[in-house]
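Examining the three-dimensional arrangement
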Amino acid sequence: MTALAGTGSLIRLALRRDRWLLPIWLVLFIVIVQSSASAWGALYDTPEERASIISQIGTNPTFKAIYGINYGDTADALFAWRYGATIGVFVALMSLLIVTRHTRAEEESGRLELVSAGVVGRLAPLTSSLIVVFGANLLLAAAVTGILTGAGFETTGSLAFALGLALSGILFATIAGLTAQITESARFANALAGIVLGATYLLRALGDTSEGLGWLSWLSPTGWAARLKPYAGEQWWVAGLFLGVALVVGVVAYVLNLRRDFGAGLVAPRPGPARGAASLGTPLALAWRLQRGLLYGWIGGFVFLGAIFGGVANGVDDIFGANPEMEEIVRKLGQGTLVEVYMDLVMGMVALIVSVYSIQAALRLRSEETGLLAEPVLATAVGRVRWAVSHLVFAVLGPALLLLVGGTVMGLIYGLAIDDVGGQVGTSVRSSLVQLPAVWVLTGFALLLFGFLPRLIAAAWAALVVFVLLGQLGPILELSQGAMDVSPFTHIPKTGGEAFTATPLIWLVGIAAVLCAAGLYGFRRRDLATAG
Amino acid sequence: MDTAISVSGVHKHFGRTHALDGLDLSVATGEVHGFLGPNGAGKSTTIRVLLGLLRADSGTATLLGGDPWRDATTLHRRLAYVSGDVTLWPGLSGGEIIDLLGRLRGGLNKARRDELIERFELDPRKKARTYSKGNRQKVGLIAALASDVELLLLDEPTSGLDPLMEAIFQDCIKEEKEGGRTVLLSSHILAEVESLCDRVSIIRNGRTVETGTLSDLRHLTRTSIAAELAVRPTGLDALSGVHDLVVDGHNVKFEVDTHELDAALKAVTSFGVRSLTSQPPTLEELFLRHYEDELNGGRTA
Ligand SMILES: Nc1ncnc2c1ncn2[C@@H]1O[C@H](COP(=O)(O)OP(=O)(O)O)[C@@H](O)[C@H]1O
Ligand SMILES: [Mg+2]
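In this text the structure is predicted, and so the values were computed from the model without any measurement.

**Overview of the overall build of chain A**
When its secondary structure is counted, chain A shows 23 helices and 0 strands. Relative to a compact globule of 532 residues, whose C-alpha radius of gyration would be 24 Å, chain A shows 24 Å and is just as compact. Counting only C-alpha atoms, chain A reaches 65 × 60 × 40 Å along its principal axes. Split into buried and exposed, the 532 residues of chain A put 52% on the buried side. For chain A, contacts bridging at least 24 residues in sequence account for 75% of all contacts bridging at least 6. Summing over all exposed atoms, chain A offers an accessible surface of approximately 23,000 Å²; the carbon and sulfur share of this is 69%. Taking the average location of the 33 positive side-chain charges in chain A and that of its 32 negative ones, the two points are 16 Å from each other.

**A few points about the overall build of chain B**
Within chain B, the regular secondary structure consists of 10 helices and 13 strands. Seen through its principal axes, chain B has C-alpha atoms that stretch 75 × 40 × 35 Å. Taking all 301 residues of chain B together, the buried fraction comes to 50%. In chain B, which carries 35 positive and 43 negative side-chain charges, the distance between the mean positions of the two groups comes to 6 Å.

**Quick notes on the nonpolar core**
One recurring pattern in soluble globular proteins is that nonpolar side chains are buried together. Among the nonpolar cores identified, the biggest contains 210 residues, and Trp387 of chain A together with Ile5, Trp89 and Leu153 of chain B are the most heavily contacted of them. Among the elements that take part in this core, helix α16 (residues 338–370) of chain A stands out by supplying 15 residues, more than any other. Apart from residues no more than four positions distant in its own chain, Leu153 of chain B is found in contact with Ile5, Ile47, Leu50, Leu51, Leu79, Ala80, Tyr81, Val82 and Leu184 of chain B. Ile225, Leu236, Val268 and Phe271 of chain B belong to the second-largest nonpolar core, a separate cluster that totals 12 residues.

**Observations regarding the environment of Ala193 of chain A**
All names here are of chain A. Summarising the element assignment, Ala193 is placed in helix α10 (residues 186–209). Under the relative-accessibility criterion, Ala193 is labelled buried at 0%. A sequence separation of 20 residues divides Ala193 from Ala173, and the C-alpha atoms of the two residues are 9.0 Å apart. Beyond its immediate sequence surroundings of up to four residues, Ala193 is in contact with Leu96, Phe172, Ala176 and Thr179.

**Some points on the site of ligand 1**
Lining the immediate surroundings of ligand 1 are 14 residues, of which Thr530 of chain A together with Gly40, Lys43, Ser44 and Thr45 of chain B lie closest. The environment of ligand 1 is shared, with nearby residues belonging to chains A and B. One of the side-chain N or O atoms of Thr530 of chain A is found 2.9 Å from a nitrogen atom in ligand 1. Measuring from an oxygen atom of ligand 1, one finds a backbone N or O atom of Gly42 of chain B at 2.9 Å. Computed on the free molecule, ligand 1 has an accessible area of 550 Å², of which 75% lies beneath the protein chains in the complex.

**Here we look at the domain arrangement of chain B**
Once the domains are mapped, chain B shows domain 1 (3–214) and domain 2 (222–280). The distance between the C-alpha centroids of domain 1 of chain B and domain 2 of chain B comes to 44 Å.

**Considering helix α4 (residues 110–119) of chain B**
Residues and elements named next belong to chain B. Every buried residue of α4 is accounted for by Arg112, Arg113, Leu116 and Ile117. Along α4, the residues classed as buried sweep out an arc of 135° about the axis, all on the same side. Away from its buried face by more than 90 degrees, α4 exposes Lys110, Ala111 and Glu118. Buried positions along α4 lie against α3 (94–105), α5 (133–145) and α6 (163–178). Backbone geometry just after α4 places Glu121 at a positive phi near 55°.

**Some thoughts on the packing of helix α18 (residues 384–418) of chain A against helix α20 (residues 436–452) of chain A**
All names here are of chain A. Packing of α18 against α20 brings their axes to within 10 Å, and their N-to-C directions diverge by 160°. One element, α18, and the other, α20, form an angle in the roughly antiparallel class. In terms of crossing hand, the pair formed by α18 and α20 is right-handed. Contact residues: α18 offers Trp387, Leu392, Ala395, Val396, Pro399, Ala400 and Leu403, while α20 offers Leu436, Val439, Trp440, Thr443, Leu447 and Phe450. Taken together, the residues of the contact of α18 with α20 break down into 12 nonpolar, 1 polar and no charged.

**With respect to the interface of chain B and chain A**
The partner chain A presents 41 residues to the 37 residues of chain B that form the contact. Each partner contributes to the roughly 3,400 Å² buried at the junction of chain B and chain A, and carbon and sulfur atoms together form 56% of this total. For the chain B face of the interface with chain A, the top three residues by lost area are Leu53, Trp89 and Leu104 of chain B, together amounting to 21%. If you look at where chain B meets chain A, you find 5 salt bridges. The salt bridge partner of Glu375 of chain A is Arg48 of chain B, with a shortest N-O separation of 2.7 Å. For the interface between chain B and chain A, the tally reads 21 residue pairs in polar contact (both at pLDDT 80 or more). For the side of chain B that touches chain A, the secondary-structure elements that each account for two or more residues are α2 (72–76), β5 (79–82), α3 and α4 of chain B. Ranked by the residues each element gives to the side of chain B that touches chain A, the list is headed by α3 of chain B, at 8 residues. A class-by-class count of the residues in the side of chain B that touches chain A yields 14 nonpolar, 9 polar and 14 charged.

**Re the packing of aromatic side chains**
Residues and elements named next belong to chain A. Applying the stated criterion across every chain yields a total of 15 aromatic pairs over all chains. Aromatic side chains Trp387 and Phe523 sit 5.7 Å apart centroid to centroid with 40° between the ring planes, which places their arrangement in the tilted category. Residue Trp387 is located in helix α18, and its partner Phe523 is located in helix α23 (residues 503–525); the two are separated by 136 residues in the primary sequence. On the accessibility criterion, Phe523 (1% relative accessible area) is buried. Taken together, Phe79, Tyr83, Phe153, Phe161 and Tyr231 form an aromatic cluster joined through their ring pairs.

**Quick notes on the packing of α3 of chain B against α5 of chain B**
Residues and elements named next belong to chain B. For the pair α3 and α5, interaxial distance at closest approach is 9 Å and the crossing angle is 35°. Handedness of the crossing formed by α3 with α5: right-handed. On the side of α3, the interface is formed by Gly94, Ile97, Ile98, Leu101 and Arg105, while α5 contributes Val139, Ile142, Ala143 and Ala144. Classifying every residue of the contact of α3 with α5 by side-chain character gives 7 nonpolar, 1 polar and 1 charged.

**Here we look at the pattern of salt bridges**
All names here are of chain B. Using the criterion set out here, one finds 33 salt bridges over all chains in the structure. Here Arg207 ties to Asp21 by a salt bridge, and the two come within 2.6 Å at their closest N and O atoms. With Arg207 in strand β9 (residues 207–213) and Asp21 in strand β2 (residues 17–28), the pair connects residues that are 186 residues apart, well separated along the chain. On the basis of relative accessibility, which here comes to 45%, the residue Arg207 falls in the partly exposed class. Each of Arg112, Glu115, Arg119, Glu175, Glu176 and Arg181 takes part in a single network of salt bridges with overlapping partners.

**Section: the sheet that holds strand β12 (residues 251–257) of chain B**
Residues and elements named next belong to chain B. With antiparallel pairing, 4 strands are arranged side by side in an open sheet as β11-β12-β10-β13. A strand with exactly one partner marks an edge of an open sheet, and here the two such strands are β11 (242–248) and β13 (273–279). Averaged over all adjacent pairs, the angle separating strand axes in this sheet is 15°, with direction ignored. One ladder, built from 6 bridges, connects strand β10 (residues 222–229) with β13; its direction is antiparallel. Along β13, the bridge assignment pairs Leu229 with Val273.

**Focus on the side chain of Glu369 of chain A**
Residues and elements named next belong to chain A. Of note, Glu369 is situated in helix α16. Owing to a relative accessible area of 1%, Glu369 belongs among the buried residues under this scheme. A polar contact of 2.7 Å, which involves the side chain of Glu369, links it to the backbone nitrogen of Ala529. Contacts of Glu369, omitting those with residues within four sequence positions, involve Ala374, Phe450, Arg526, Asp527, Leu528 and Ala529.

**Section: a nonpolar patch on the surface**
A contiguous nonpolar surface patch, about 410 Å² in accessible area, is contributed by Leu206, Leu213, Trp215 and Leu219 of chain A. By secondary structure assignment, the location of Leu213 of chain A is in the loop between α10 and α11 (215–218).

Thresholds, definitions, all that
- Residues numbered from 1 in each chain as written.
- Chains lettered and ligands numbered in written order.
- Predicted model: local features only at pLDDT ≥ 70, side-chain atom pairs only at ≥ 80, totals over all residues.
- Heavy atoms only, no water.
- Helix = DSSP H or I, 4+ residues; strand = E, 2+ residues; numbered from the N terminus.
- Rg over C-alpha atoms; globule rule 2.2 N^0.38 Å.
- Buried < 20%, exposed > 50% of the residue type's maximum accessible area, 1.4 Å probe, protein only.
- Contact = heavy atoms within 4.5 Å.
- Areas by Shrake-Rupley, 256 points an atom, 1.4 Å probe, with all protein chains shown as cover.
- Lys, Arg positive; Asp, Glu negative; His and termini not counted.
- Charge placed at Lys NZ, Arg CZ, Asp CG, Glu CD.
- Core = buried A, V, L, I, M, F, W, Y, C linked by side-chain atoms within 4.5 Å.
- Near = heavy atom within 4 Å.
- Polar contact = N/O pair within 3.5 Å; in protein donor to acceptor, adjacent residues only side chain to side chain.
- Domains from an automatic or database assignment.
- Arc of directions from axis to C-beta.
- Axes fitted to C-alpha atoms, helices over the stretch in contact; angles between N-to-C directions.
- Parallel < 35°, antiparallel > 145°, perpendicular 65-115°, else oblique.
- Left-handed = near helix turned anticlockwise from the far one by under 90°.
- Nonpolar A, V, L, I, M, F, W, Y, C, P; charged D, E, K, R; others polar.
- Buried area = accessible area lost by both parts, 1.4 Å probe.
- Salt bridge = Lys/Arg side-chain N within 4 Å of Asp/Glu carboxyl O.
- Phe/Tyr/Trp six-rings, centres within 6.5 Å; stacked < 30°, edge-to-face > 60°.
- Pairing = 2+ DSSP bridges.
- Patch = residues over 30% accessible without salt bridge, like charges linked within 9 Å, V, L, I, M, F, W, Y side chains within 5 Å.

Structure follows, in structure tokens:
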């Protein structure tokens, strides 16, 4: 079939382009599964401990909303309950991003045009990217099965658990293959697939928490992995649901791909204004146009996150208050009331998530530059620093806005529940904003790379991953304080209790400012990236 | 001030690539200067150095009396730039981009903008994502031509334009010239250069190899001569400026440098001319000679 000609070469091209990206993603998942599996066994090894967590799952709907329903009472089954849904979302996210990257993004950039002018058939880009992502997911499934079995988990269940992850990845890869046909913009294709993912998660949360609406979860692919029932009498036929839907979505994607013109989408873009609005005349206004979509998406996400964490906060006292040992453990993690400790913990996680936004916003500088879109601006009367600052504003103030939104919503939801809106909004906003300086250090690091080592700018992501791992695994692996201190997030003081001190915050802000200034200085002195 | 651009001895390396190797360039105020050279000769690099986007390793460059690196922002108010591959923000409409770039430069002439949009037949409401290559170039050209600037830096600006639009572009540049603006035009289209440029610089491997007016350059080209003579000619190969001589009995064919034409013809007529054809020099030939040398690994002409 000529439409598929060249698929093999495109697979090789994709593997070559992703020779770092794919292994890093896979290793990251493997490390996460490995470390959570090794930590899990000790946490719930007695029937009493398991009975207590199971009763909490039963009584607190926020648990079900985030993690889903648990189907078994063994430690293995509880592990699958706790990690299946969350890891599954990230596997799906990875898969959809990679598919878009090799289909619509290539087409939009015009690089695929070169390819398509050659001996490559029109279905080859979609086919090759799906094959690559399917392969990556199967590899992941094999690795996860191996790790879990090795960690002493039951084999059949481990296979079901791993299969659930891989099938989520495969299904959302296919969905991205479809959204890539619909719009002309890769960013928009990603956003659409991401919205589908978010919507299925919400649908599943709704179904799992509402009496009588349980059937809703069966409509949502994010619920299916749990319904494979790993370690709890596996229901293998659910795999057929994944495959059936993937097949239907895939066929639609292929039909659309065959029917549409090269470079075109399904929906013709609406025409824009014939003239630039009077406000569109500064680098900042341009940066706003380019960055606002990302910011809006994140604000939506943070309203959602804040609501979930606020809802869970209401259960914290119930859950741990009844369990003095657990309360003691949590207290050791920080100072202040149980809820304050919980807020600090949650916000520490939220800060890492906000860093993703901040790095994305800062990296826009580099993608504008390499896309040769900085050149026309810098060839006008706009100086380099002014241009760079116009995007930096988003990387610096965006996280503040997101933390404010997340903190407010969280305080509001929890405050409403305990009838103390005024007090709780203040507390949670305080513990969210206190995270900012650590986020800014990462922003500054990204800018420093942009100024001096622009080709290595992806190292900003690596730094974030290192900080995440230090924060998550450091205590489990009992790393030394010196190692933990590498992460700026280690230095964020707890807001609860009297021990709060602003000194580390001032230091972090100072470091971030120096990094940013150095990055701008480096950018002023270096060559702009050019084609050729 | 009568020199708009003056570049001398500029070097620029990209890793091991020696992109500019002591380049010289001088553009007088008010002239349209053609900038020619094979692919990879260093034209775009030169223009980017002049824009302060790249920093020269050594040598001096002056632009509108200022330093292109240090005074970039102030100089950019007085010039407009169009690259050979205009890139646009996919989500903005053509009209928005034209206005934006004009404003970032310090303002644009609204009436001229509308007139240019009409002449180039651009639909300014379309999102940039949907523009073809030619339409992207039009957006860049309109944004540049509609601003009141002293200097236009155009780097192969008409790549992708159809012949009709090419003609309109040439009309526009002639108007700019009448308006007293200076233009540096890098181009591959010889007809464009012949019809627009007062002077031309040809560069190769990052070095200027010819510079002068078009008639100066024509002078550097060769005329081909074919003649049938009364006797078998001798000694023609000793004449200076004669190339590719072929003597076949009474017939002779050769090429001669245009400035040696007189001496060569005198020598030929001394053998009694029965018939003679000559082919006038073309710029094409001159450029091809420089470009071919490039292909043949820099063999000198
Ligand atoms: N950013 C860059 N990195 C490496 N090499 C470059 C870069 N830009 C240009 N070059 C090299 O410099 C030389 C001159 O390129 P360029 O100025 O684009 O030529 P032209 O515009 O005359 O075709 C070429 O050999 C090109 O490959
Ligand atoms: Mg060029």
